[in-house]
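Okay, here's what each chain looks like letter by letter:
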Amino acid sequence: MASGANGSSGDTVLVTGGLGYIGSHACVALAEAGRRFVIVDNLANSSPRVLDRLQRIVGWRPDFVEADIGDGARMARVLREHRVGAVMHFAGSKAVGESVALPLDYYRNNVAGTLALLEAMRAQAVRRLIFSSSATVYAADNAMPLREDAALGASNPYGRSKLFVEHMLRDLQAAEPEWAIACLRYFNPVGAHPSALIGESPRGIPNNLVPYIAQVAVGRRERLSVFGGDYGTADGTGVRDYVHVLDVAEGHVAALRHLERAPGWVAVNLGTGQGVSVLEILREYERASGIPIPFQVVQRRPGDIAQCWAEVARARDLFAWRARRDLGEMCADSWRWQQANPDGYG
Ligand SMILES: NC(=O)c1ccc[n+]([C@@H]2O[C@H](COP(=O)([O-])OP(=O)(O)OC[C@H]3O[C@@H](n4cnc5c(N)ncnc54)[C@H](O)[C@@H]3O)[C@@H](O)[C@H]2O)c1
């Protein structure tokens, strides 16, 4: 266990961004694994109602501190007072389009925010970190499936902010080898907890495909726009690797166990290893919901690639983890959440 500055060993996990979509599911996975955790979130993209929902799922009220990860003094206090031994760092801004319009906001929150968190961790001798990275750190012209040693190169400020942090973490671990750091490169997390108590609650127009489909199915939006029907894929629509958010959450617990055994820096894909086209997921969603989803094929979006899926051997070999839930479960859980919470957390 990492040693806190007060000299006592800490085994609490700090979950930054723990009221957000993926972080809240990670809290459930931590509780199921019998781990203590404390959530820090500034509510920039989440609702305090998530805490009530988490309480209903896990049976007790998680510790929560409303704070910004950029506030280093505050973060140091949280690490010390909660005897934190490891950090799962989900907090950040994640909308690609917004990052193009507001690059400095993204570099401040994602890069400078992470830097402040790392300095606080170092001051408190907490040196175990799992970072939410993304498949967007890979260059566009790699062969599929994407291996972790494929060429890197993001094409927008959001992706670059993730890449900068990966480099920063690698440099830190090289200089101070006692750090244990995993950069988890998520592919496309979808779905929700089967209780329908927590799920993805996008503000405004959803940026991601499955929440958009869900809002069409529930009647909030008229039809889906499919960006590009002339890609060199089986049905002409874009192919991605969709992975159930609970599998992603469990991947974090598996990564934590790995880091407890092995210091170092590692980047690991979290995906299923399967590519699924837009039309395939649309049909699966229709099956899960029993509702026809109107759609129209429109022009490709600039910057989109035809296909992208993960090589998943490293996660299997290092973490003994693989995605267990299939596309049907992803759609069924998303639909259950959407029906029970048509306006998200409201
Ligand atoms: N959802 C995806 O498809 C996806 C894919 C790859 C990577 N990621 C990354 O995973 C992480 C979690 O994504 P998500 O989908 O759960 O997003 P989310 O927006 O639902 O969750 C992020 C949480 O962090 C909080 N937050 C943001 N800035 C903060 C700050 N400065 N201090 C404290 N809290 C802050 C927000 O309020 C929110 O609750 C993000 O870093 C994101 O970039 C997400």
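Residues numbered from 1 in each chain as written. Predicted model: local features only at pLDDT ≥ 70, side-chain atom pairs only at ≥ 80, totals over all residues. Heavy atoms only, no water.

### Side note on the overall build of the protein
Inference 1: A tally of regular secondary structure across the protein gives 11 helices and 13 strands.
Inference 2: The C-alpha radius of gyration computed for the protein amounts to 19 Å, which stays within 12% of the reference 20 Å derived for 346 residues, consistent with globular compactness.
Inference 3: Counting all 346 residues of the protein, 55% fall into the buried class.
Inference 4: The long-range fraction of contacts in the protein, counting pairs at least 24 apart against all pairs at least 6 apart in sequence, stands at 79%.
Inference 5: With an accessible surface of roughly 14,600 Å², the protein has 48% of that area assigned to carbon and sulfur atoms.
Inference 6: Taking the average place of the 37 positive charges on the side chains of the protein and the average place of its 37 negative ones, the gap between the two points comes to 3 Å. (Helix = DSSP H or I, 4+ residues; strand = E, 2+ residues; numbered from the N terminus. Rg over C-alpha atoms; globule rule 2.2 N^0.38 Å. Buried < 20%, exposed > 50% of the residue type's maximum accessible area, 1.4 Å probe, protein only. Contact = heavy atoms within 4.5 Å. Areas by Shrake-Rupley, 256 points an atom, 1.4 Å probe, with all protein chains shown as cover. Lys, Arg positive; Asp, Glu negative; His and termini not counted. Charge placed at Lys NZ, Arg CZ, Asp CG, Glu CD.)

### Looking at the nonpolar core
Inference 1: If you look at the biggest cluster of nonpolar residues, it comprises 44 residues, and the most contacted ones within it are Leu30, Met88 and Leu184.
Inference 2: If one sorts the elements of this core by residue count, helix α8 (residues 245-261) sits on top with eight residues.
Inference 3: If we ignore the near neighbours within four places in the chain, the residues touching Leu184 are Ile130, Phe131, Ser132, Ser133, Ser134, Gly251, His252, Ala255, Val268, Leu270 and Phe319.
Inference 4: Within the second largest apolar cluster, 28 residues are counted, among which are Leu14, Val38, Val65 and Ala76. (Core = buried A, V, L, I, M, F, W, Y, C linked by side-chain atoms within 4.5 Å.)

### Notes on the site of the ligand
Inference 1: Of all residues adjacent to the ligand, which total 26 residues, the nearest are Asp41, Asn45, Lys94, Asn109 and Tyr158.
Inference 2: Between the ligand and the protein, one listed contact pairs an oxygen atom with a side-chain N or O atom of Ser46 at 3.0 Å.
Inference 3: At 2.7 Å from an oxygen atom of the ligand is found a side-chain nitrogen or oxygen belonging to Tyr158.
Inference 4: Where the shell around the ligand is concerned, the elements lending two or more residues are α1 (21-32), β5 (128-134) and α6 (157-175).
Inference 5: Considering every element that reaches the shell around the ligand, the biggest residue donor is β5, with three residues. (Near = heavy atom within 4 Å. Polar contact = N/O pair within 3.5 Å; in protein donor to acceptor, adjacent residues only side chain to side chain.)

### Digging into the pattern of salt bridges
Inference 1: Enumeration over the complete set of coordinates arrives at 20 salt bridges.
Inference 2: Asp11 serves as the salt-bridge partner of Arg36, at 2.5 Å between the closest nitrogen and oxygen. Here the residue Arg36 occupies a position in the loop between α1 and β2 (37-41), and Asp11 occupies one in the segment before β1 (12-16), the gap between them amounting to 25 residues.
Inference 3: Between Arg336 and Asp333 there is a salt bridge; the shortest N-O distance is 2.7 Å. In this pair, Arg336 and Asp333 both sit in helix α11 (residues 327-340), three residues apart, roughly one turn of the helix.
Inference 4: A relative accessible area of 35% means that Arg336 is categorised as partly exposed.
Inference 5: Overall, the relative accessible area of 5% leaves Asp333 in the buried class.
Inference 6: Shared partners join several salt bridges into a network, and the residues in it are Asp247, Glu250, Arg324 and Arg325. (Salt bridge = Lys/Arg side-chain N within 4 Å of Asp/Glu carboxyl O.)

### Quick notes on helix α3 (residues 72-81)
Inference 1: All of the buried residues along α3 are Met75, Ala76, Val78 and Leu79. End-on, the buried residues of α3 take up no more than an arc of 160 degrees, which puts them together on one face. In this structure, α3 carries Ala73 and Glu81 as exposed residues pointing more than 90 degrees from its buried face.
Inference 2: Lining the buried residues of α3 we find β1, β2, β3 (63-66), β4 (84-89) and α5 (103-123). (Arc of directions from axis to C-beta.)

### What to know about the environment of Ile57
Inference 1: If you trace the backbone, Ile57 turns up in helix α2 (residues 49-58).
Inference 2: For Ile57, a relative accessible area of 22% corresponds to the partly exposed category.
Inference 3: Sequence separation of Ile57 and Ser289 is 232 residues, and the distance between their C-alpha atoms is 24 Å.
Inference 4: Contacts of Ile57, omitting those with residues within four sequence positions, involve Val28, His193, Ser195, Leu197 and Ile198.

### Looking at the side chain of Gln215
Inference 1: Structurally, Gln215 is set in helix α7 (residues 209-217).
Inference 2: Ignoring sequence-local partners within four residues, the contact set of Gln215 consists of Pro202, Pro206, Arg220, Arg221 and Gln338.

### Looking at the packing of α7 against α11
Two packed helices can be described by the angle between their axes and the distance between those axes.
Inference 1: Packing of α7 against α11 brings their axes to within 10 Å, and their N-to-C directions diverge by 50 degrees. As the angle between them shows, α7 and α11 are arranged oblique. As α7 packs across α11, the resulting crossing turns out to be right-handed. In this structure, α7 uses Val210, Ala214, Gln215 and Ala217 to contact α11, whose residues at the interface are Ser334, Trp335 and Gln338.
Inference 2: Each residue belonging to the contact of α7 with α11 can be placed in one class, and the counts come to four nonpolar, three polar and no charged. (Axes fitted to C-alpha atoms, helices over the stretch in contact; angles between N-to-C directions. Parallel < 35°, antiparallel > 145°, perpendicular 65-115°, else oblique. Left-handed = near helix turned anticlockwise from the far one by under 90°. Nonpolar A, V, L, I, M, F, W, Y, C, P; charged D, E, K, R; others polar.)

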